[in-house]
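Below, each chain spelled out in residue letters.
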Amino acid sequence: MPTPSRVGRLLLITGLTAVIYALAGWVSIKLAAYMATVVAVVWLAAGVGAVASLRFGAAGVAGVLLGSFAVHTQFLPPDDALRLALGAAAGAAIMGYLPRYLQPFSPTLDYVSSVAKFTLVAAPLACAVSALAGIANLHFYGGLPAGMVMQGLWVWGLGDLLGVYLIAPLLLTASRWDLLPTNRGARLEALVLVLGMLILTRLMMQYVNLLRPAEIVLFVLLPGVLWAALRFSVIGASLAIFLSALIVLGVGVVSFGGLSGATTPRDVYALQISMMTMALGGLFVSAALAERRYSEMRLDMLANHDPLTGLPNRSYFQDFLGHALAHAQRGQSQVSLLFIDLDRFKHINDSQGHVVGDQVLRVVADRLRENLRADDFVARLGGDEFAVILTHPPASRAASRVAGKLMQALSESFKLDQRRYAISASIGISVYPDDGLDAHTLLRQADLAMYQAKQRRSGFEYFSVELNNVAQQQLSLETGLRHALERNELALVYQPKVDLLSGKVVGLEALARWLSRSRGMISPAQFIPVAEETGLILPLGRWAVRAACEQWIAWRDAGLAPPPVAINLSPRQFSDARLIADIDAALTETGMEPAYLQLEVTESAAMENPERTFSMLDALRQRGLHVYIDDFGTGHSNLAQLKRMPIDALKIDKSFVDDVLTDSDDAEIANAIIRLSHALNLRVVAEGVETPEQVAFLKGQGCDEIQGYVVAKPLPPDKVSELFAQTFSFDRVLVSNV
C-alpha cells in the first residue's frame, strides 16, 4: 500500500497539473479566436499535458483530465466537457508512455533520435487521438456539421501539436541550463537576438505588404530560432521557439486583426505549419549540436580523466598544476601539492582480486571528492596514487588541515560484497614556492615526503631538504647497485651458527656485501632497502643463491665438510613467481645438494598471504630444502597458521636477545619462543648473541643454536672455512678450540 506521504505527493502533482493545464488552456482561448466556435489555433495546454505525463506518469494524466474538464466547462455542457477531457487525457497518456517503449529516449531532447521520437511519432499520434475524440464529440453531441469535420479535425490536431512543440521543449529542457553559455558576450548576443527578432517583426508589419502572418515566421523568426539553436544549445532553442510564438500571437496576429470566422482556413494552416516548421528546425539543430558537444565531452573525458574513478588523470593534473603555479605567481599566493598513496593496497589486490581493488579505488575517489572544496583539484595519477592541489594565502597551514581531514575520511571502514574493509593512506606535501618553482619539482618533492610519511607511519609529512638529500643518495645507490651486479662487485660473507650441545658449526648464514670500486665497502643497511624498493632485490637474490651454492661446492671439492648454508629471502623475493624456478636452476647447474641449502623467510613475509605461503613452503620442502622463520616475534603470527606451516626452525630476533639478562619481559619472550618451538617440534636459533652470559641463559632455557659475535662476525669464505672443524665452548673465552 502507498504511504500517506506518497499519496499526498501524487495528489499534489495531480492538483498542480490540473491548475497549470487549465491556466494554459485559458491563455490559449484568450490568444486565439475560434473557427466554428470550438477549435483553438494553438492549444498551449497540450504541451503542459505532454510534460506532466512524461515526468509524473498517471498522476500527470489525472491532472490533465481535471484541468481539461475545468477549461471546457466554461463553454460546453459538463457531459461534453468530460468527453473532451477524456480525449485530452488519452493523448497525454500516449505522449507520456510511448517514448518509454522507444528507448533510448532522453526527456531533455538533447539527442536527435529523442527529438524525432517525441516530435514525429509520439506527439502527432497523441494529438491525432485527442483531436479525433474532440471532433467526434462535437459532431455527434454538439451538432458540428459533417462538412466541417475534416477541417475541424485538421485544425484541432495541428493546434494541439503546435502547443506541444511550443511548450513541451521549454519545460523538458529546463534542467539543461548547464549547456547555456553564461559569459558576458553570450548574454549580449542573446539580447541582440531578441531585440532583432522584435524589431524585424515590427518593420515587416509596417513596411512590407505581407500576404499572411506565416511569412513573419518564415522570414524573421525561423532564422532567429536557428541562430539560437546554433549558439545556445537546446535550452536556448526552446526559449527562442517560445518567444517566437509569443511574437507571432501577440504582434503578428493582432496586427492582422485577429483570427475570426472570416479568416480563411488556408491562412490558419499556413500559420500553424510555419510555426511547427520553426519549432522542429530549432529542436533538431540544437539536438544535433548537443550530441556533437557530448561526443566532444566524452572524448575529452577519455583523454583527460581516469576511466575507473572519473577523476582527472596524470596528463590533466600536470596541465592544471602548471596553470595553478602561474596563477599563484601572479597573485602572490601559495600552492600546496598533496601526494597520496594508499597503504597496503597491493595486499587487497592480491588477496581479493582486482575487481575488489577497483571498487576500493572508486570509494577512495568518492571520499576525496566529498571532502574537498569545489575549487580544490584532485586527480588519480595511476595505481593507488592520488594528488590534490590546494591554492591558499601565504603562511597558511591549509594543507595540514586538509591532509588530516582526508586521512580521517579514508580511514573509515566501508562494506563491499558483504565484507568490511578499512584502508589508510600516507600523504606527502610540497609547497610552492618554498619547495620548488615548477610542477615537476613539486611532484618529486611531494613523492619523497610521502615515502617519509610511509616509513614513519606518521600519516603525512612535509618535504624537507634532508628528504631531498636522502633521495639523491638513494638514486645514486640504485644506479651504483645496477652497475655492481654487472661488474661483479658483490660478495658473500658467512656467519656461523653453532649447536649449543655439541659446540659444532651446524650452519652458515650468507650475507651480501657490496665492495664498490669507487666508494669502498657499502653497508647492507644502505643498499638492501634501495634494492627492495627498486626491485633490484630480485636479481640480487638470484645472484646470492647461485653464489652460495657455488661456494658450498667449492668447499666440498676442496675436501672440507661444509655445513648447510642459509640464504635470506626478502618479502619481495618470497612473492616472486620465479623464485622456485630460480632455485631449481641454481641447484641443478651447480650440483648443490638441496638438503644443504636453507632459506630464511621473515615472519611478516610468511604471514602476509598464508595460503600462498603454505603452497610455496610445501614446494620448497618437497625439494629437500630447509626453511627457517627469521626475526620471529617481531611480526604478527597466527599460531594456528604457524602450526600448519611446513618449516624446520624459528629464529629469535636479536631485539629480544639483547636484554634477556636485564629485562624480564624479553627473557620471558625468549623463553616462550623456545618452548613454543619445541612444542611444534621445531629447532630454535637465537640471533645476535654477543656475550657468554647470554649463551648461558639461552642454553639453560633449551635453545638449540646460536649465532652472533660471540661466535664470529660475518667472515669471507677462506676465513669461515677454518671454523668448520672447531668445537666452541663459551665458559671463559669467546671462542676456543678444544
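Residues numbered from 1 in each chain as written. Predicted model: local features only at pLDDT ≥ 70, side-chain atom pairs only at ≥ 80, totals over all residues. Heavy atoms only, no water.

Caption draft 1: Local environment of helix α16 (residues 524–534). Inspection of α16 places F527, V530 and A531 among the buried residues, and these make up the whole buried set. The buried residues of α16 occupy one face: seen down the axis, they fall within an arc of 100 degrees. Capping the start of α16, S523 holds a side-chain oxygen 3.1 Å from the backbone nitrogen of A525, two or three residues further along. (Buried < 20%, exposed > 50% of the residue type's maximum accessible area, 1.4 Å probe, protein only. Helix = DSSP H or I, 4+ residues; strand = E, 2+ residues; numbered from the N terminus. Arc of directions from axis to C-beta. Polar contact = N/O pair within 3.5 Å; in protein donor to acceptor, adjacent residues only side chain to side chain.)

Caption draft 2: Structural view of the nonpolar core. Counting residues in hydrophobic clusters, the biggest one holds 81 residues, and the most contacted among them are V565, L597, I647, I706 and F730. No other element matches helix α17 (residues 537–557), which puts ten residues into this core. Setting aside residues up to four positions removed in sequence, V565 forms contacts with Y494, L508, A510, A548, W552, M592, Y596, L597 and Q598. Core analysis: the next-biggest nonpolar cluster, separate from the first, contains 57 residues, L44, L180, A245 and A287 among them. (Core = buried A, V, L, I, M, F, W, Y, C linked by side-chain atoms within 4.5 Å. Contact = heavy atoms within 4.5 Å.)

Caption draft 3: Expanded view of the packing of aromatic side chains. Enumeration according to the criterion identifies seven aromatic pairs in this entry. With 4.8 Å between their ring centres and 40 degrees between their planes, W552 and Y596 make a pair best called tilted. Of the two residues, W552 sits in helix α17 while Y596 sits in the loop between α19 (579–590) and β14 (597–602), which places them 44 residues apart along the sequence. We classify W552 as buried; its relative accessible area is 2%. Relative accessible area serves as the criterion here: at 29%, Y596 is assigned to the partly exposed category. Residues W555 and F724 carry aromatic rings whose centres are separated by 5.1 Å and whose planes lie at 90 degrees to one another, so their mutual orientation is edge-to-face. Here the residue W555 occupies a position in helix α17, and F724 occupies one in the segment after α26 (717–720), the gap between them amounting to 169 residues. (Phe/Tyr/Trp six-rings, centres within 6.5 Å; stacked < 30°, edge-to-face > 60°.)

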